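# Geometric and topological summary
Each chain, written out:
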Amino acid sequence: MSKMAGADGDDSLYPIAVLIDELRNEDVQLRLNSIKKLSTIALALGVERTRTELLPFLTDTIYDEDEVLLALAEQLGSFTVQCVFFFFVNLEYLDKAVESLRKISHEHSPEDLEAHFEPLVKRLASGDWFTSRTSACGLFSVCYPRVSKSTKSEIRQHFRTLCSDDTPMVRRAAASKLGEFAKVLELEYVKSDLIPLFAALASDEQDSVRLLAVEACVSIAQLLPQEDLEKLVMPTLRQATEDKSWRVRYMVADKFSELQKAVGPEITENDLVPSFQNLLKDCEAEVRAAAANKVKEFCENLPADSRETIIMNSILPCVKELVSDTNQHVKSALASVIMGLSTILGKDNTIEHLLPLFLAQLKDECPEVRLNIISNLDCVNEVIGIRQLSQSLLPAIVELAEDAKWRVRLAIIEYMPLLAGQLGMEFFDEKLNSLCMAWLVDHVYAIREAATCNLMKLVERFGASWAQSTIVPKVLGMASDPNYLHRMTTLFCISALSEACGQEITTKQMLPIVLKMSEDQVANVRFNVAKSLQKIGPVLENSALQAEVRPVLEKLATDQDMDVKYFAQEAMTGMYLF
Amino acid sequence: GAGNAGVGGGNDFQWCFSQVKGAIDEDVAEADIISTVEFNYSGDLLATGDKGGRVVIFQREQEGNNRSHSRGEYNVYSTFQSHEPEFDYLKSLEIEEKINKIRWLPQQNAAHFLLSTNDKTIKLWKISERDKRAEGYNLKDENGRLRDPFRITSLRVPVLKPMDLMVEASPRRIFANAHTYHINSISVNSDHETYLSADDLRINLWHLEITDRSFNIVDIKPANMEELTEVITAAECHPNQCNVFVYSSSKGTIRLCDMRASALCDRHSKFFEEPEDPSSRSFFSEIISSISDVKFSHSGRYMMTRDYLSVKVWDLNMESRPVETYQVHEYLRSKLCSLYENDCIFDKFECCWNGSDNAIMTGSYNNFFRMFDRNTRRDITLEASRESSKPRAILKPRKVCTGGKRKKDEISVDSLDFNKKILHTAWHPKENIIAVAATNNLYIFQDKIN
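Here is what the cut-offs are and how they apply
Residues numbered from 1 in each chain as written. Chains lettered and ligands numbered in written order. Predicted model: local features only at pLDDT ≥ 70, side-chain atom pairs only at ≥ 80, totals over all residues. Heavy atoms only, no water. UniProt positions renumbered as here; feature names shortened; annotations may be inferred. Helix = DSSP H or I, 4+ residues; strand = E, 2+ residues; numbered from the N terminus. Buried < 20%, exposed > 50% of the residue type's maximum accessible area, 1.4 Å probe, protein only. Areas by Shrake-Rupley, 256 points an atom, 1.4 Å probe, with all protein chains shown as cover. Contact = heavy atoms within 4.5 Å. Buried area = accessible area lost by both parts, 1.4 Å probe. Salt bridge = Lys/Arg side-chain N within 4 Å of Asp/Glu carboxyl O. Polar contact = N/O pair within 3.5 Å; in protein donor to acceptor, adjacent residues only side chain to side chain. Pairing = 2+ DSSP bridges. Axes fitted to C-alpha atoms, helices over the stretch in contact; angles between N-to-C directions. Expected span 1.5 Å × (residues − 1). Bend = angle between axes of the 7 residues up to and from the residue. Phe/Tyr/Trp six-rings, centres within 6.5 Å; stacked < 30°, edge-to-face > 60°. Lys NZ or Arg CZ within 6 Å of the ring centre and 35° of its normal. Disulfide = S-S within 2.5 Å. Left-handed = near helix turned anticlockwise from the far one by under 90°. Nonpolar A, V, L, I, M, F, W, Y, C, P; charged D, E, K, R; others polar.

Named according to an unreviewed UniProt entry, chain B is Serine/threonine-protein phosphatase 2A 55 kDa regulatory subunit B originating from Erpetoichthys calabaricus. Comment text from UniProt for chain B, heading Sequence similarities (unreviewed entry), reads "Belongs to the phosphatase 2A regulatory subunit B family." In UniProt, chain B has this text filed under Subunit (unreviewed entry): "PP2A consists of a common heterodimeric core enzyme, composed of a 36 kDa catalytic subunit (subunit C) and a 65 kDa constant regulatory subunit (PR65 or subunit A), that associates with a variety of regulatory subunits."

The name an unreviewed UniProt entry gives chain A is Protein phosphatase 2, regulatory subunit A, beta b, with Erpetoichthys calabaricus as the organism. Taken directly from UniProt, the Sequence similarities (unreviewed entry) text for chain A runs: "Belongs to the phosphatase 2A regulatory subunit A family."

Dropping the structure here:
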């Protein structure tokens with residue numbers, strides 16, 4: 001754009017002018033872009049015009065797409081306080097706007113809050129539409145700590161009203177903010193005001209409300225002194241653990257570690273252990289799976305002096321049953337954490353009690369269970385050494401490696417480098433190497449690709465000389481395979497391995513094969529030759545590039561196939577071979 | 001006379017004609033056939049869906065408008081294309097645009113929201129009003145001519161000017177790819193955040209905000225499809241217990257499930273079935289016992305089911321038999337053979353409650369529809385027809401005669417027109433206003449208190 005400004009014009013206004021015009025563009029994306037630059041527009045207009053002109057316009061732009069409204073609400077954070085309050089008339093996307101308000105509330109003086117923020121909260125709390133009342137719930141905890149005593153009492157009253165609102169939406173919003181509101185409330189009011197509300201929400205007729213009270217339970221328990229917990233929190237928590245609705249019990253299981261930390265060791269031992277046992281035996285699989293996920297964390301957080309006794313007497317019997325659960329999600333959740341118990345229980349207990357469970361899970365009919373065990377082998381390795389498992393491990397790995405579902409095969413490939421590290425080179429060469437090579441000719445491309453990447457990681461771990469003796473010959477042998485897909489795999493492997501194998505192997509063994517393949521009758525192979533040459537180029541010496549690579553690429557650049565030509569030229573440009 | 005007295009509400013009143021919507025043409029375009037009718041929670045809006053994938057929303061005029069006799073007429077508020085015909089290339093299947101169901105969401109702000117569904121895809125629509133227009137650009141003048149970008153001396157912010165009211169319908173969410181079979185029901189849960197959708201073999205639970213996943217809560221698909229003996233015909237959420245829903249089957253049974261009990265509701269908590277009367281058993285027994293619609297009463301205490309020949313009211317506390325059974329068109333029992341041959345026997349009649357749950361309405365053939373008063377046990381047959389569509393005309397009760405001698409004003413079973421069927425009806429949630437879909441016409445009737 002020319003820098004020559006008109007006589008009385010100001011070209012710095014131009015970009016702002018565009019932004020303003022595009023606030024009402026037909027194209028949502030352009031509108032969105034402008035909304036995201038609202039603070040720039042506001043800055044250019046100044047406070048007064050922003051308040052009197054821009055905001056009234058925006059306020060009425062509420063008939064808009066969700067995403068524009070969301071962006072608008074987010075941008076409010078960058079506005080001055082008066083502007084935001086002004087804006088808050090009937091915005092539909094209140095929740096997001098409330099988020100913005102929460103962010104900026106700290107920047108306001110107590111006078112500002114008292115004058116603007118608090119009336120806004122009140123107005124929202126008594127709004128006709130329940131969206132405004134739900135939004136109000138999010139603001140209580142923000143303004144409460146910074147307002148006067150009388151206002152505080154009003155805010156508590158508003159919160160009480162919303163907790164018994166007719167619509168479940170509002171009660172849900174109140175229940176979900178109960179915890180954070182409790183944190184800013186004076187302890188005496190937590191006890192006198194909030195606990196009854198908490199108890200009421202926890203026995204709401206809608207289970208979608210009750211389950212949110214479980215979350216609040218954590219925050220409230222953290223705030224109360226130990227001696228009050230039994231009387232004020234535990235009855236509600238016990239009730240939730242035995243709730244008729246599985247979703248509420250699920251929530252308890254899901255929040256179990258937090259609850260455990262919040263109520264402390266004594267209550268954990270007396271109350272939570274039996275509860276946890278019940279959740280592990282729950283009739284609903286979703287609940288058992290959630291509880292199974294927490295087994296390790298729960299055991300870790302048990303008081304040190306009684307930890308082992310509790311695990312051995314109370315938890316392990318339930319865990320044993322879960323190993324043969326009817327539901328595969330439960331078994332697989334357990335399999336993802338069960339190995340962690342070995343570090344807690346030590347070598348002897350692991351060998352005697354846990355090992356049989358690991359072995360059983362390694363034979364589970366569901367591949368995900370076996371995979372989860374294999375992916376966590378490192379925990380056991382530290383405690384008892386992997387050799388204890390290797391007899392059972394191998395059949396399990398082989399079976400997964402040959403699973404009919406390619407996603408299962410893919411998952412086990414990803415654990416190969418880890419397994420190789422733990423089992424050692426010798427074991428690997430003897431038992432697993434052939435599997436890794438077999439994947440290279442899998443009929444699914446994703447598996448061949450993963451197998452290539454796996455080889456690279458193995459070479460990084462075991463070194464170039466290992467590669468030269470075990471992998472490279474097999475990979476290069478595939479270059480004369482009658483199936484062109486396998487020939488291409490050779491090229492992909494070479495591209496992936498050259499760096500890890502180093503200059504000598506690449507130049508002496510790999511490069512001749514690649515160059516020879518430039519004569520292949522399949523065009524796909526030929527253009528992959530060009531791509532591979534570009535990949536291995538950086539590993540080669542310049543003399544080899546000039547003497548050997550260049551003539552081949554030049555020839556490919558005149559190939560009759562369009563794609564071959566294109567990739568050959570691409571490779572030459574990429575390597576500056578002109 | 002007894003037959004002439006109104007049904008519904010307890011007061012003696014007569015139904016009279018109020019409005020008829022849709023073309024009068026004898027030639028009916030397939031796309032114009034109404035496929036669903038639904039009042040919103042206040043009754044101020046009435047939505048219809050048609051086979052052409054369109055949704056038309058009517059709004060009730062405010063009372064006391066200058067024309068004193070047009071007491072609360074419904075006029076078109078918004079029309080939009082909800083679904084388009086599609087083709088599933090993977091299965092080589094055409095997906096019709098026909099709107100199978102419309103369900104309103106409880107109103108949560110100035111805008112209105114509804115769910116509409118065809119066989120496969122559910123959409124959430126927002127219907128909102130706009131009465132202001134922005135004016136004034138920086139880079140253009142009033143006539144749309146571009147200004148010299150280098151001669152901008154000041155910034156102008158658009159100014160809002162009032163304009164004629166415009167109603168906009170915009171699609172907010174699209175819930176797709178969750179149903180292998182045809183969706184027959186959608187129902188919004190009383191928790192205001194979830195809804196269920198049912199097809200022939202499965203029921204899914206959705207969150208209204210989340211479109212990329214739903215939870216399967218019922219799956220009756222047998223491992224081997226040759227063992228399939230029944231399908232789901234309708235499903236509905238309880239009006240105030242957010243954990244309870246029911247679904248009906250082609251075998252004439254209803255299962256009530258409690259979502260608290262387990263994540264997958266394969267095991268029902270209640271099973272409603274009426275023992276079959278062996279004496280009336282016939283080849284058609286199973287077909288005519290298939291339930292075509294199930295509706296909870298507003299109170300949540302009862303539910304009503306419609307099968308081919310009757311409407312039954314069930315007390316949720318009694319599973320063994322219905323507490324009330326009303327015959328809709330018993331005279332068709334002798335005609336089942338020909339109704340089977342012309343496929344009418346598979347027609348899916350819906351049913352509805354009045355606002356106070358003491359009267360029910362359902363459709364029949366020959367543009368007849370039936371109402372039953374649950375307190376007095378009186379019933380009435382009315383007709384939605386152009387002939388009686390004079391303003392404020394009182395609807396005359398109709399009678400079908402089965403015997404040889406036909407009285408005056410009676411119509412013989414043999415002369416019923418089976419192409420004119422009333423499948424979809426809706427009752428205003430608070431007042432005695434009903435909407436009756438007769439092929440491509442929507443009739444609105446209301447009470448006239450004597």
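Once the structure has been displayed, the description carries forward.
### Brief notes about the overall build of chain A
On a plain count of helices and strands, chain A comes out with 34 helices and zero strands. Within the span of chain A, comprising 578 residues, buried residues form 57% of the whole. With the model as given, the accessible surface of chain A reaches about 25200 Å², and the carbon-plus-sulfur share is 50%.

### Observations regarding the interface of chain A and chain B
Contact residues are listed per partner, giving 46 residues for chain A and 42 residues for chain B. Summed over both partners, the interface of chain A with chain B comes to about 4000 Å²; 55% of that surface belongs to carbon and sulfur atoms. For the interface between chain A and chain B, the tally reads two salt bridges. One salt bridge connects K244 of chain A with D258 of chain B, and the closest N-O pair in it is separated by 3.6 Å. For the pair chain A and chain B, the number of links is 12 residue pairs in polar contact (both at pLDDT 80 or more).

### Thoughts on the sheet that holds strand 27 (residues 379-383) of chain B
Residue and element names in this part refer to chain B. The strand order across the open sheet built from four strands is 24-25-26-27, with neighbouring strands paired in antiparallel fashion. Each end of this open sheet is capped by a strand with a single partner; those strands are strand 24 (351-353) and strand 27. When the angles between neighbouring strand axes are averaged without regard to direction, this sheet yields 20 degrees. Bridging between strand 26 (residues 368-373) and strand 27 involves five bridges; their strand directions are antiparallel. Following the sheet pairing, M371 is matched in strand 27 by I380.

### Focus on helix 26 (residues 406-423) of chain A
All names here are of chain A. With 18 residues, helix 26 extends 24 Å between its outermost C-alpha atoms, agreeing within 8% with the 26 Å of an ideal straight helix rising 1.5 Å per residue. The largest bend in helix 26 amounts to roughly 40 degrees and is located at M416, with the proline P417 lying one to four residues further along. Those residues of helix 26 lying buried are V408, R409, A411, I412, I413, M416, P417, L419, A420, Q422 and L423. Here the buried face of helix 26 lies against helix 23 (367-375), helix 24 (377-384), helix 25 (387-401), helix 27 (425-439) and helix 28 (445-462). G424, located one to two residues past helix 26, shows a positive phi value of around 90 degrees.

### Comments concerning the packing of aromatic side chains
For the structure on display, the rule yields 35 aromatic pairs over all chains. Taking the centre distance of 4.6 Å and the plane angle of 40 degrees together, the rings of F159 of chain A and F181 of chain A count as tilted. Here F181 of chain A lies in helix 11 (residues 168-184) and F159 of chain A lies in helix 10 (residues 149-163), a separation of 22 residues in the sequence. Taking the relative accessible area as the measure of exposure, F159 of chain A reaches 0% and is therefore buried. Ring pairs connect the aromatic residues F140, Y144, F159 and F181 of chain A, which therefore count as one cluster. The ring of Y137 of chain B has K140 of chain B sitting right over it, with the charged end atom 4.4 Å from the ring centre.

### Considering the state of the cysteines
All names here are of chain B. In total, this model carries zero disulfides over all chains according to the counting rule given. Distance from the sulfur of C337, which forms no disulfide, to the nearest cysteine sulfur (C344) is 13 Å. The exposure class assigned to C337 is partly exposed, which follows from its relative accessible area of 44%.

### What about the environment of Q81 of chain B?
Residue and element names in this part refer to chain B. Among the structural elements, Q81 can be located in strand 5 (residues 74-81). Through-space distance from the C-alpha of Q81 to that of R54 is 4.4 Å; in sequence the pair is 27 residues apart. In this view, Q81 contacts G52, G53, R54 and W125; residues no more than four positions away in its chain are not counted. A polar side-chain atom of Q81 sits 2.7 Å from the main-chain carbonyl oxygen of G52.

### Quick look at the pattern of salt bridges
Residue and element names in this part refer to chain B. Enumeration according to the criterion identifies 51 salt bridges over all chains in this entry. Measuring nitrogen to oxygen at the nearest pair gives 3.0 Å for the salt bridge that ties D347 to K421. Pair noted here: D347 is in the loop between helix 2 (336-341) and strand 24 and K421 is in the loop between strand 29 (410-412) and strand 30 (424-427), with a separation of 74 residues, a long-range link. Salt-bridge contacts for R370 lead to D379; the nearest nitrogen and oxygen are separated by 2.7 Å. Overall, the relative accessible area of 9% leaves R370 in the buried class. Judged by its relative accessible area of 37%, D379 falls in the partly exposed class.

### A word on the packing of helix 11 of chain A against helix 12 (residues 187-202) of chain A
Residues and elements named next belong to chain A. Across the interface, helix 11 lies against helix 12 with an axial gap of 11 Å and an inter-helix angle of 145 degrees. Along this stretch, helix 11 crosses helix 12, giving a crossing that reads as left-handed. For the pair helix 11 and helix 12, the contacting residues are R171, A174, A175, L178, F181 and A182 in the first and V190, L194, F198 and L201 in the second. Here the residues of the contact of helix 11 with helix 12 sort into nine nonpolar, no polar and one charged.

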